[in-house]
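# Overview (structure and organization)
The chain contents come next:
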Amino acid sequence: MKYISTRGLSPAQTFSEILLGGLAPDGGLYLPETYPQFCENNLNAMRHMNYRDLAFTILSRLADDMPLADLRAIVDKTYTASVYRHTRAGQNAEDITPTVKLVDGLYLLSLSNGPTLAFKDMAMQLLGNLFEYVLAKTGRETNILGATSGDTGSAAEYAMRGKKGIRVFMLSPHQKMSRFQTAQMFSLQDENIFNIAVNGVFDDAQDIVKAVSNDHAFKAEHKIGAVNSINWARVAAQVVYYFKGYFAVTQNNTQQVSFAVPSGNFGNVCAGHIARMMGLPIKKLVVATNENDVLDEFFKTGVYSPRTAANTYHTSSPSMDISKASNFERFVFDLVGRDSAKMRELWGKVDAGQAFDLNAAGVFNKVADYGMVSGSSNHANRMATIRQVHAQYGVTLDTHTADAFKVALEYREADVPMLVLETALPAKFEDAIVEALGSKPERPADLAGLEDLPQRFVVMEADVNAIKQFIVEHTA
Ligand SMILES: *Cc1c(COP(=O)(O)O)cnc(C)c1O
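Nothing here was measured: the structure is a model prediction, and the numbers come from that model.

### Observations concerning the overall build of the protein chain
Counting its regular elements, the protein chain contains 18 helices and 15 strands. Here the C-alpha radius of gyration of the protein chain, 21 Å, is about what a compact globule of 476 residues would show, namely 23 Å. Summarising its shape, the C-alpha atoms of the protein chain cover approximately 60 × 55 × 45 Å along the three principal directions. Pairs at least 24 residues apart make up 75% of the contacts formed inside the protein chain by residues separated by at least 6 positions. Split by element, the accessible area of the protein chain, about 18100 Å² in all, is 49% carbon and sulfur.

Listed below in C-alpha cells is the structure:
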C-alpha cells in the first residue's frame, strides 16, 4: 500500500518513506491510497485482543512495508503497562487505554495515563521508537526542532529522551507555560534534549521553527526534522484506541458507538475518521472545540474560515487554542471525493488567509455520511462541567476533556454508547481545577515534587540566527 498526497502532485510513497517527514513536497498531507478494511470476521478476531495485539494488527496494515517481526517488537516495547502507569483507582495499566463507566451508555476513554499525562503520549511514544529504528537501520541521525505551548513538547521529549541518533531542540515561550508543564520538560537531564525558553509568546517560537524549516540548505545540512501533528505515523497510532474503546463497551459488532473528541489540530478526531473508514462501526464523531471554534463553525455552516494568530484566544483548555486545524485537510480530501485539484483550490485560499465554502461546491451535505457533528464550549461551560461531573460521578475531568463532555451530552442517543476521549489528566492543569472545585486534583505519586527538581534549560532571544547558531554548536 502506498501513501498519496492530498494535493496530488507528489509521488506515492511507502510508510517508511514518509515516516520521518512532515508535509508532502507539494504541500499536501499523506493518506493511504485506499483504506485497509476490517470485515466482520476480522472484527470478531480483534474483539478480545489486548492493546499490543490490536495495535500490531492495525498498524501492520498501515505500515505494511516494515518487517513484521520488527514492527511487533516496536509495538510491544511501546504499549506496556510500565509506560501507561498513571491509572485512576481501579484501572488496570495493562489495558493501556482503560475505560471509566460514568453511567449506562456514557464512558471516558482514558488516553492520558502515559509519562506526560496527555493523550499525545499514545502516538509520540510509538514515533520515538519508530524513529530510532529507522535511523539505526539507515545509519542516519536527526535533530528535531519544535515549538510548544506545553503538551506536544513534553510528549516529544519523553518519547525521544535517550534515543540514539536523535536530538530534540524544543522552543517554548519563556515563563508562559504552567509550572507543571515547565517542570515536566525542564527537569529532563538527558543529553539529547535541549530546552530553549524564548523571550516572547508561542507564535514567536513557532515562527522561528518555520523560518528554519524554510531554509532548505540549513535544514538539509543539519538534518532538521519535526514531530508535528501532521506526521502520518502519529495519526496511524491513534487509530488503535478507537478500536480498543469500541470493543470495551460493546458485546458484538452489530452495535455502533459514538466518540466525543476534544479537538484542536484535528489529529485525534482524524484518526477516528480513519478507524471508521477501515470498518469500525462508529455512529458519530463529535468534534468538540473551545472558544477557538473554527471547526465547529465549519461543521455547522460549511464555511472553513481559519483565524490569524492574533485572533486566537488564550483559553483554559490551551492545547486546543489553534487558529488553523492542520489535519483537517485529510478529512476534507475524503469529503470532496479525493479530488486533488479541488484540494489545491481550497488550500490555495487557506494559504492566502482566505475562507472556503463547501456549500457552493455542493459537498457540505455529505458531511452527515461521515458521522461528523460538532459543538463548542467556553470557560463558564468548562467550569460548570468539571463541577457537575465531579459531583455526579466522583470523577475529576481536565479542562479539555470537559469541553468534549459538554458537547457529548448534546449528541447522546439511546442505545448508542458515547465514549468521551480523555486527552489529559486534571493534574496537568491544577489552577483550572482549583478554580472549579476549590481544591487541587490528585497527582500521580511519582510526580510529587516535580516542580522542585533541578531544571535544565537556556533562555534565548526570539532570534532565528541565534537559534541556528545554538543548533550548530550542539550538533557538532
Ligand atoms: C493536543 C491536545 C488536544 C487536541 O488534539 P488535536 O489532535 O490537535 O485535535 C486536546 N487535548 C489535549 C489535552 C491535547 O494535548
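### Let's talk about the site of the ligand
In the region of the ligand, 15 residues are neighbours, and K120, D151, G264, N265 and T423 sit closest. At a separation of 2.6 Å, an oxygen atom of the ligand approaches a polar side-chain atom of D151. Within the backbone of G264, an N or O atom sits 2.7 Å from an oxygen atom of the ligand. Expressed as a share of its isolated accessible area of 390 Å², the protein-covered part of the ligand is 97%. The residue makeup of the shell around the ligand, split by class, is 5 nonpolar, 8 polar and 2 charged.

### Here we look at the sheet that holds strand β8 (residues 224-225)
Whether parallel or antiparallel, the strands of a sheet pair through hydrogen bonds between backbone atoms. Pairing is parallel across the open sheet formed by 5 strands, whose spatial order is β8-β5-β6-β7-β15. The strands lining the two open edges of the sheet, one partner per strand, are β8 and β15 (458-461). In this structure, strand β5 (residues 142-147) lies alongside β8, joined through 2 bridges in parallel fashion. Paired with I144 across the bridge in β8 is G225. Across the face of the sheet, helix α8 (residues 202-214) comes into contact with β5, β6 (166-173), β7 (193-199) and β8 while running at roughly 145° to β5.

### Notes on the packing of α8 against helix α18 (residues 464-475)
Following both chains from N to C, one finds α8 and α18 inclined at 70°, their axes separated by 10 Å at the closest point. Viewed along their axes, α8 and α18 adopt a mutual orientation that is roughly perpendicular. Our pair here, α8 against α18, has a crossing hand that is right-handed. Residues I208, A211 and V212 of α8 pack against V464, I467 and K468 of α18.

What counts as what
Residues numbered from 1 in each chain as written. Predicted model: local features only at pLDDT ≥ 70, side-chain atom pairs only at ≥ 80, totals over all residues. Heavy atoms only, no water. Helix = DSSP H or I, 4+ residues; strand = E, 2+ residues; numbered from the N terminus. Rg over C-alpha atoms; globule rule 2.2 N^0.38 Å. Contact = heavy atoms within 4.5 Å. Areas by Shrake-Rupley, 256 points an atom, 1.4 Å probe, with all protein chains shown as cover. Near = heavy atom within 4 Å. Polar contact = N/O pair within 3.5 Å; in protein donor to acceptor, adjacent residues only side chain to side chain. Nonpolar A, V, L, I, M, F, W, Y, C, P; charged D, E, K, R; others polar. Pairing = 2+ DSSP bridges. Axes fitted to C-alpha atoms, helices over the stretch in contact; angles between N-to-C directions. Parallel < 35°, antiparallel > 145°, perpendicular 65-115°, else oblique. Left-handed = near helix turned anticlockwise from the far one by under 90°.

Purely spatial values, then, with no claim about function.
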